[in-house]
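Chains, contacts and geometry: an overview
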Amino acid sequence: MTFEPRYAPWLEWLDSQHDCMLARTIELAGINSGSLNAAGVNRVRETLQQYCSVLGGDTEVLPLPPYTEVTEQGEKQQFTLGDALRIRKRPEAPLQIFFCGHMDTVFAADHPFQSVRWLDDNTLNGPGVADLKGGLMVMLKAIEALERSPFSDRIGWEILFNPDEEIGSLSSAPLISEAAGRCDLGLIYEPCMPDGNLAGERKGSGNFSVVVQGRAAHAGREHHLGRNAVRALCDFVSALDDLNGQRDGVTINPGFIHGGGAVNVVPDHAMFRFNIRLSDPADESWCLAQLQRLGDDINSRDGISLQLHGAFGRKPKRLTDANLALFELVRDCGEQLGMALEWKPTGGCCDGNNLAAAGVPNIDTLGVQGGKIHSSDEFMYVSSLTERAKLSAMLLMKLADGALSAHLNSKGSAR
Ligand SMILES: [Zn+2]
């Protein structure tokens, strides 16, 4: 290792924290915290609150507005979410850093994937171990290392644990923008890429639902009086899917469809959900115009009505000069720790999109190394807990040393 000796004691301290990080990751992965399991997410929050007590700072538990989804019946249904947890310390320090990690997973309370097991000495399989409960441990130990060091007085920080990232962070988005208004940069603990690299640019994303209403009729006696909602929706889906390939960087994924009932009834109801990804903010208006056109076409049919719900929740993440400088600094830290790190574009989205949209440079894949996330094969390389905690800790110490001051308009001094 070739890192500067003045950083050494706190980086070495992290070696002694490996077992603690691992035990806590396993403890958190054992708590089901599917996004809509508010009680489970709240148990994760309470556990994190205990882990964070050593850091000091002011803690707030923040209830969020409910999550709304269009049901298969085409009705809007609301789901209560777990509370967010926010901790702030030294808001008057010259450099303000926003730390963020989500508490929820994609595995619902009734999903069969609920426990952790070892695949080999260094590979742990379990729900959320990589995405991103291991990352929460990386974040907290890196902050603890900073707090134990003499570098801490130059950095103020704000941690947000949000409960709804896996369903798009719609309810926690205002807390992220609020933090963006007072922080100079953001560090987010999504897992790094399976090969260890970081995510650079990210696509934007929107989730939409369509509800089609027709007219029911007996399929034999009065077929001509019926207006078939399934047929109308199928036309819409086909036309929508045909938009793929028509504009660079835009992809559309029809993801869920439901409609009809008994086959001797002309169906009067059908619903459908889809996702759009795009790389340029200007693609949004193109997409919305296309959706309008396709919807108008269906709505012009006799006895059929189509309603579109949803929006683009995440803007594409572009890399500003300040963001590139932050990446270079992380690459430099990685080099000193013996890791060769690059950043690569991805079609996936996360809270880093939200921060970038608010103009805050950020790196959003500072968590553990693992893979097969969002599946029952999700795994984490256990050695990456200490490795990545050191990466973040060194980054924080270098930032305290003024490494990026030329690139940041410090908001800390303005308060
Ligand atoms: Zn995820």
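Overview of the structure. What you are looking at is a predicted structure, and each value in this text was computed from that prediction instead of being measured.

Thoughts on the coordination of the zinc ion
The protein atoms that coordinate the zinc ion are Asp131 (OD), Glu166 (OE), Glu166 (OE) and His374 (NE2), at distances spanning 1.9 to 2.6 Å. If you look at the zinc ion, its 4 donor atoms make angles of 54 to 138 degrees with each other, and the shape they trace is irregular. Of note, the zinc ion draws all its donor residues from one chain, in the sequence arrangement D-x34-E-x207-H. With Glu166 in the loop between strand E8 (155–162) and helix H5 (173–180) and His374 in the loop between strand E19 (370–371) and strand E20 (379–381), this pair connects stretches of sequence that are 208 residues apart. Using a relative accessible area of 18% as the deciding quantity, one classes Glu166 as buried. Residue His374 is classed as partly exposed on the basis of its relative accessible area, which comes to 44%.

Considering the pattern of salt bridges
Counting across every chain of the model gives 28 salt bridges. Of the charged contacts, one joins Asp401 and Arg6 as a salt bridge, the two residues approaching to 2.7 Å between their closest N and O atoms. Taken together, the positions of Asp401 in the segment after helix H10 (384–400) and Arg6 in the segment before helix H1 (8–15) put the pair 395 residues apart, joining distant regions of the chain. Residue class for Arg6 comes out partly exposed when judged on its relative accessible area of 43%. Across the pair Glu60 and Arg86 runs a salt bridge, and its minimum N-O distance is 3.0 Å. Of this pair, Glu60 sits in strand E1 (residues 58–62) while Arg86 sits in strand E4 (residues 84–89), and the two are 26 residues apart along the sequence. The class for Arg86 is buried, based on a relative accessible area of 8%. The network of salt bridges with common partners includes Glu4, Arg6, Asp153, Arg154, Asp332, Lys398 and Asp401.

With respect to the packing of aromatic side chains
In the structure shown here, the tally under the stated rule is 12 aromatic pairs. Geometrically, the ring pair formed by Phe107 and Phe113 is edge-to-face, given 5.0 Å between the ring centres and 85 degrees between the ring planes. For the residue pair Phe107 and Phe113, the accessibility class agrees, reading buried in each case. Ring geometry for Phe236 versus Phe272: centroids 6.4 Å apart, planes at 75 degrees, classification edge-to-face. With Phe236 in helix H6 (residues 229–241) and Phe272 in strand E15 (residues 269–278), this pair connects stretches of sequence that are 36 residues apart. In this structure an aromatic cluster arises from ring pairing among Phe208, Phe236, Phe272, Phe274 and Phe312. One cation-aromatic arrangement involves Arg273 over Phe256; the distance from NZ or CZ to the ring centre is 4.8 Å.

Quick notes on the rules
- The numbering scheme is per chain: residues are counted from 1 as the chain's sequence reads.
- The model is predicted, so local features are restricted to residues of pLDDT at least 70 and side-chain atom pairs to those at 80 or more, both for listing and for counting; the totals for chains, interfaces and linings are taken over all residues.
- Hydrogens and waters are ignored; side-chain quantities use all the structure's heavy atoms.
- The donor set covers N, O and S atoms within 2.8 Å of the metal, switching to 3.2 Å for Na, K and Ca, and it leaves out water, so a site may look short of donors.
- The geometry test gives tetrahedral to four donors whose angles all lie between 85 and 135 degrees, gives square planar to four donors and octahedral to six donors whose opposite members are over 155 degrees apart with all other angles between 65 and 115, and gives irregular to the rest.
- Each helix is a run of DSSP H or I of at least 4 residues and each strand a run of E of at least 2, with the numbering of both proceeding from the N terminus.
- Partly exposed residues are those whose accessible area sits between 20% and 50% of the maximum for their type, while under 20% is buried and over 50% is exposed, using a 1.4 Å probe and protein chains only.
- Salt-bridge detection follows one rule: a side-chain nitrogen of Lys or Arg within 4 Å of a carboxyl oxygen of Asp or Glu.
- Any two of the Phe, Tyr and Trp rings considered here, Trp counted by its six-membered ring, make a pair once their centres fall within 6.5 Å; the pair's planes then place it as stacked at under 30 degrees, edge-to-face at over 60, or tilted in between.
- In our convention, an over-ring charge means Lys NZ or Arg CZ found within 6 Å of a ring centre and within 35 degrees of that ring's normal.

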